[in-house]
Amino acid sequence: MTRRSTRIATTGPATGTRSAAKPARRRRGPLRSLAVYGIIGALVLGVAIPAYSALQQPAQARTIQQVANADAQELVVASGATQAPLSRDSYSATTGDSIAKAKAEAAAAARAKAAAKVQTASYSTSSTSSTVTFAPGSGTFRWPLTHVDHLGDGFMARGGEHMGVDLLDPARTPIYAATDGVVKVSSESYYGYGVAVVISSSAGGKSLDTVYGHMTYGSRVVSVGQSVKAGQLIGLVGSTGRSTANHLHFEVHINGTPIDPYQWLLANVGPMP
């Protein structure tokens, strides 16, 4: 009896203690859940309220300039950076100096042209004028100048690139047609010839073209399609185009092939005047 009573006494209080602990755990469970839900709710409100407030604010209008300024980007290059080589075939650049130079050249050309018109007024005749100035002499062919101070570069000079003869005379010396024919070219800017005239004719069943280059600006008195006679005034000596001194650059082409114009003149006209 004594041993059994002891077991009951020992077991009884332990069982009673465990039964009393279980209700305590059940009470902490709901409190913990309420705390978690409260934290979650606070987080949701913290995010939702500012977002809702931002949505309620009216959008502010921005100009294109403001948008551009906001989106603008800057590139900072180190002072030691070098410029990469560029191909001039793919771009062109204009600077203030080049623009000023181009304007100055255009103004100088305009002044020269205006001065030439004044200086050559006594020589000028229009294509419709009944008064035409002729060089002295007669014949099918004529020297293009009535007097030549001296000869410059001849045929095939400058390494074979010179297709004519340079007849040097003072500026504004009259130039005359070397043959009868029709004006094929009359231009203030004809390639490297500058102010030039080309007269097309024929001789001995072959085409014959004579070229007169480097004339004075504004001195041409014949136009394209006009018929001219040998010895007729066509312009004045100058130094336009690729030229370094006043002279007449004279060429002769037979059937499209350039020949020595100085020898042609000597053979068909006579000694140099």
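Before going into details, it helps to say that this report is about the structure given with it.

The rules behind each value
Residues numbered from 1 in each chain as written. Predicted model: local features only at pLDDT ≥ 70, side-chain atom pairs only at ≥ 80, totals over all residues. Heavy atoms only, no water. Helix = DSSP H or I, 4+ residues; strand = E, 2+ residues; numbered from the N terminus. Buried < 20%, exposed > 50% of the residue type's maximum accessible area, 1.4 Å probe, protein only. Contact = heavy atoms within 4.5 Å. Areas by Shrake-Rupley, 256 points an atom, 1.4 Å probe, with all protein chains shown as cover. 1 Å grid on protein atoms, 1.4 Å probe; cavity = no way out; pocket = protein on both sides within 12 Å on 5 of 7 lines; lining within 4 Å. Points joined across faces, edges and corners; volume = space filled by probe spheres on them. Nonpolar A, V, L, I, M, F, W, Y, C, P; charged D, E, K, R; others polar. Salt bridge = Lys/Arg side-chain N within 4 Å of Asp/Glu carboxyl O. Lys, Arg positive; Asp, Glu negative; His and termini not counted. Polar contact = N/O pair within 3.5 Å; in protein donor to acceptor, adjacent residues only side chain to side chain. Arc of directions from axis to C-beta.

### Overview of the overall build of the chain
Thinking step 1. The helix and strand inventory of the chain stands at five helices and 10 strands.
Thinking step 2. A total of 273 residues make up the chain; the buried ones form 27% of that total.
Thinking step 3. Long-range pairs, those at least 24 residues apart, make up 63% of the contacts in the chain between residues at least 6 apart in sequence.
Thinking step 4. When the accessible surface of the chain is split by element, carbon and sulfur atoms take 57% of a total near 18300 Å².

### Focus on the layout of surface pockets
Thinking step 1. Size it by volume and the largest pocket reaches roughly 360 Å³.
Thinking step 2. Residue lining of the largest pocket: 14 residues in total, with Arg158, His162, His214, Arg242 and His249 positioned closest to the centre.
Thinking step 3. Considering each element in turn, the lining of the largest pocket owes the most residues, three residues, to strand 9 (residues 247-254).
Thinking step 4. The residue inventory of the lining of the largest pocket, partitioned by class, reads two nonpolar, seven polar and five charged.

### Points about the pattern of salt bridges
Side-chain pairing between opposite charges can occur once the charged atoms of the two side chains come close.
Thinking step 1. Counted under the stated rule, the structure contains four salt bridges.
Thinking step 2. Residues Arg158 and Asp153 are paired through a salt bridge, measuring 2.8 Å at the closest nitrogen-oxygen approach.
Thinking step 3. For Asp153, a relative accessible area of 31% translates into the label partly exposed.
Thinking step 4. Taking the shortest distance from any N to any O, the salt bridge between Arg220 and Glu188 comes out at 2.9 Å. A residue pair is termed long-range when its members are at least 10 positions apart, and Arg220 in the loop between strand 6 (206-215) and strand 7 (227-228) and Glu188 in the loop between strand 4 (181-187) and strand 5 (195-203) qualify at 32 residues.

### Description of the environment of Ala171
Thinking step 1. Considering the arrangement of structural elements, one finds Ala171 in the loop between strand 2 (165-168) and strand 3 (174-176).
Thinking step 2. Residue classification places Ala171 among the partly exposed positions, given a relative accessible area of 27%.
Thinking step 3. For the pair Ala171 and Thr216, spaced 45 residues apart in sequence, the C-alpha to C-alpha distance is 7.5 Å.
Thinking step 4. If near-sequence neighbours (up to four positions away) are discounted, Ala171 is found in contact with Val237 and Asn246.

### Notes on the side chain of Glu251
Thinking step 1. Here Glu251 shows up in strand 9.
Thinking step 2. One buried charged side chain, Glu251, makes no salt bridge at all; its nearest oppositely charged neighbour is Arg158, positioned 8.9 Å away.
Thinking step 3. Among the polar contacts listed, one links the side chain of Glu251 to the side chain of Tyr193, at a separation of 2.9 Å.
Thinking step 4. Looking at Glu251, its side chain comes within polar contact range of the side chain of His249, at 2.6 Å.
Thinking step 5. Contact partners of Glu251, with chain neighbours within four places excluded, come to Met163, Gly164, Tyr193, Asp209, Thr210, Val211 and Pro261.

### A closer look at helix 5 (residues 261-268)
Thinking step 1. By the burial criterion, the buried members of helix 5 are Pro261, Trp264 and Leu265. When helix 5 is viewed along its axis, its buried side chains cluster within an angular range of 100 degrees and face the same direction.
Thinking step 2. Looking at the buried side of helix 5, the elements it contacts are strand 2, strand 6, strand 9 and strand 10 (257-259).
Thinking step 3. Its side-chain oxygen placed 3.0 Å from the backbone nitrogen of Tyr262, Asp260 serves as the N-cap of helix 5.
Thinking step 4. Trailing helix 5 by a residue or two, Gly270 shows a phi angle of about 140 degrees, which is positive.

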